[in-house]
Amino acid sequence: MFRRTSLLTVLAIAVMVCLPACQSRRTASPDIPPTPWPTLMPVVTVAPSTLTAVQDASGPQLVDKFRASVEPGLVDVFPLEGLIARPVRIEVIVLSGEVDPQVTLTTPSGNSLAVVNSTGPGEPEVIGQFQFPGDGFYELGITSLAGNGEVGVSIYTLEEAEIDESRVFSSTDQELRGTILHPASYHTYRLPLERGQRIDLTAQALVAGLDLLFELYAPDGQLLTARDDNLGSDPALWNFMPSQSGTYTVVLSNYDEGIGDYALRVAPSTGAGEAVIGTRTEIGVQGSPRRSNWTTFEGRALDAVRIE
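The rules behind these values
- Residues numbered from 1 in each chain as written.
- Predicted model: local features only at pLDDT ≥ 70, side-chain atom pairs only at ≥ 80, totals over all residues.
- Heavy atoms only, no water.
- Helix = DSSP H or I, 4+ residues; strand = E, 2+ residues; numbered from the N terminus.
- Buried < 20%, exposed > 50% of the residue type's maximum accessible area, 1.4 Å probe, protein only.
- Contact = heavy atoms within 4.5 Å.
- Areas by Shrake-Rupley, 256 points an atom, 1.4 Å probe, with all protein chains shown as cover.
- Phe/Tyr/Trp six-rings, centres within 6.5 Å; stacked < 30°, edge-to-face > 60°.
- Lys NZ or Arg CZ within 6 Å of the ring centre and 35° of its normal.
- Core = buried A, V, L, I, M, F, W, Y, C linked by side-chain atoms within 4.5 Å.
- Pairing = 2+ DSSP bridges.
- Axes fitted to C-alpha atoms, helices over the stretch in contact; angles between N-to-C directions.
- Patch = residues over 30% accessible without salt bridge, like charges linked within 9 Å, V, L, I, M, F, W, Y side chains within 5 Å.
- Salt bridge = Lys/Arg side-chain N within 4 Å of Asp/Glu carboxyl O.

Colleague: Would you mind going over the overall build of the chain with me for this structure?
Modeller: On a plain count of helices and strands, the chain comes out with one helix and 20 strands. Looking at the chain residue by residue over its 308 residues, the buried ones come to 42%. Across the chain, every contact between residues at least 6 apart in sequence was considered, and the portion connecting residues at least 24 apart equals 75%. About 16,100 Å² of surface is accessible on the chain, with carbon and sulfur atoms providing 54% of the total.

Colleague: I'm lost on the packing of aromatic side chains in this one. Help?
Modeller: Both the distance between ring centres and the angle between the ring planes are used here to describe each pair of aromatic rings. Using the criterion set out here, one finds seven aromatic pairs in the structure. Ring geometry for Phe 130 versus Phe 132: centroids 5.2 Å apart, planes at 70 degrees, classification edge-to-face. This pair shows no difference in class: Phe 130 is buried, exactly as Phe 132 is. Seen in terms of ring centroids, Phe 130 and Tyr 186 are 5.7 Å apart; in terms of plane orientation they differ by 45 degrees. Their pairing is tilted. Here Phe 130 is found in strand 8 (residues 125-130), whereas its partner Tyr 186 is found in strand 12 (residues 185-193), with 56 residues between them in sequence. Classification of Tyr 186 by relative accessible area gives buried; the value is 11%. Over the ring of Trp 294 we find Arg 198; its NZ or CZ atom is 4.8 Å from the centre of that ring.

Colleague: Help me understand the nonpolar core, please; the structure alone is not making it clear to me.
Modeller: A general trend in soluble globular proteins is that nonpolar side chains are found buried together. With 27 residues, the main nonpolar core has Ile 90, Phe 130, Leu 140, Ile 142 and Val 153 as its most contacted residues. For this core, the secondary structure elements donating two or more residues are strand 3 (61-70), strand 4 (76-82), strand 5 (88-96), strand 6 (101-106), strand 7 (112-116), strand 8, strand 9 (136-144) and strand 10 (149-157). Element by element, the count of residues in this core is highest for strand 3, at four residues. Among the nonpolar cores identified, the runner-up in size contains 23 residues, and Leu 193, Leu 210, Phe 240 and Tyr 262 belong to it.

Colleague: Please explain the side chain of Ser 185 as it appears in this structure.
Modeller: The topology assignment puts Ser 185 in strand 12. When its relative accessible area of 0% is taken as the criterion, Ser 185 is described as buried. Residues within four places of Ser 185 in sequence aside, it is in contact with Gly 128, Gln 129, Ile 180, Leu 252, Ser 253 and Asn 254.

Colleague: Please explain the sheet that holds strand 7 as it appears in this structure.
Modeller: To summarise the sheet geometry, strands pair through backbone hydrogen bonds and adopt either a parallel or an antiparallel arrangement. Here four strands make up an open sheet; going across it, the order is 4-9-6-7 and the pairing antiparallel. Each edge of the sheet is formed by a strand with only one pairing partner; in this case those strands are strand 4 and strand 7. Put simply, the sheet's adjacent strands are angled 20 degrees from each other on average, direction ignored. Direction of pairing for strand 4 relative to strand 9: antiparallel, over a ladder of seven bridges. Counted as the bridge partner of Asp 76 is Ile 142 from strand 9.

Colleague: Looking at this structure, how should I read the sheet that holds strand 18 (residues 260-268)?
Modeller: Read from one edge of the open sheet, four strands run 11-18-13-16, paired in antiparallel fashion. Edge positions in the sheet fall to strand 11 (174-180) and strand 16 (236-240), since each of these pairs with one other strand and no more. In this sheet, neighbouring strand axes are inclined to one another by 15 degrees on average, regardless of whether the strands run parallel or antiparallel. Relative to strand 18, strand 11 is paired through seven bridges, and the arrangement is antiparallel.

Colleague: Got a minute to help me understand a nonpolar patch on the surface in this structure?
Modeller: A cluster of nonpolar side chains, namely Ile 277, Phe 297, Val 305 and Ile 307, defines an oily patch on the protein surface of about 420 Å² accessible area. Note that Ile 277 resides in the loop between strand 18 and strand 19 (286-287).

Listed below in structure tokens is the structure:
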């Protein structure tokens with residue numbers, strides 16, 4: 001991706017190095033072997049290209065590889081072109097030193113979409129599959145939580161993903177199903193919501209051993225909340241009321257090497273009905289699973305109320 005073939009390229013690299021947010025020390029790499037992974041199909045190595053290039057070969061296709069020197073407290077940031085239709089697999093292996101690598105994927109505005117640190121010093125970190133929430137450039141961050149050294153980074157594109165209605169909710173009372181094929185996978189969904197419209201959002205593993213979690217992002221990319229292990233090992237978000245209208249993003253991921261089918265459901269939130277000012281109202285609550293409840297009442301501007 002970075003080659004010393006022209007003055008323009010050299011100047012572009014110099015500009016990137018000067019950016020405070022991109023303290024990159026990327027060097028050319030010879031052969032970085034792919035990290036073994038039981039559920040991954042054989043790797044197809046092709047000439048480096050942008051993610052827009054669609055290859056005819058089947059299986060994961062290598063599109064970029066490089067080396068980076070890492071140390072604690074310093075994040076090397078690299079631009080990564082992302083396309084909804086082309087999920088990627090990212091491998092980071094330790095080449096020298098007792099490095100404990102951590103991998104992050106963020107939006108251009110700095111909002112985190114994935115943070116991976118599942119192994120210890122000297123062990124590889126892998127994002128088995130990441131499906132981008134939109135076309136554009138993202139930031140790949142590489143750092144070390146302990147120890148200095150050098151890591152090798154390999155980026156592959158996987159089989160084309162479906163980008164039609166299977167990834168977009170068309171109503172607030174709908175269930176979408178998907179399949180996680182790789183460990184450490186991240187699937188993204190679009191969820192249009194109206195301001196003040198309360199909803200319940202739940203994810204359910206349909207096979208044994210699949211442990212899910214999800215994060216919810218606002219239309220401006222801000223992380224709103226994350227859920228994990230609310231219903232057994234399944235995540236659930238109840239009574240969510242958006243503060244702005246727009247399209248929200250749900251990023252669903254899995255723990256460890258659990259793979260298989262899942263269901264992601266959104267439904268209108270059901271509260272305890274209407275309360276009347278001056279009258280005691282009974283509301284049912286539950287502690288297992290812990291779930292809040294809500295009620296509505298009429299009020300007038302500038303009127304003061306006390307709730308007990």
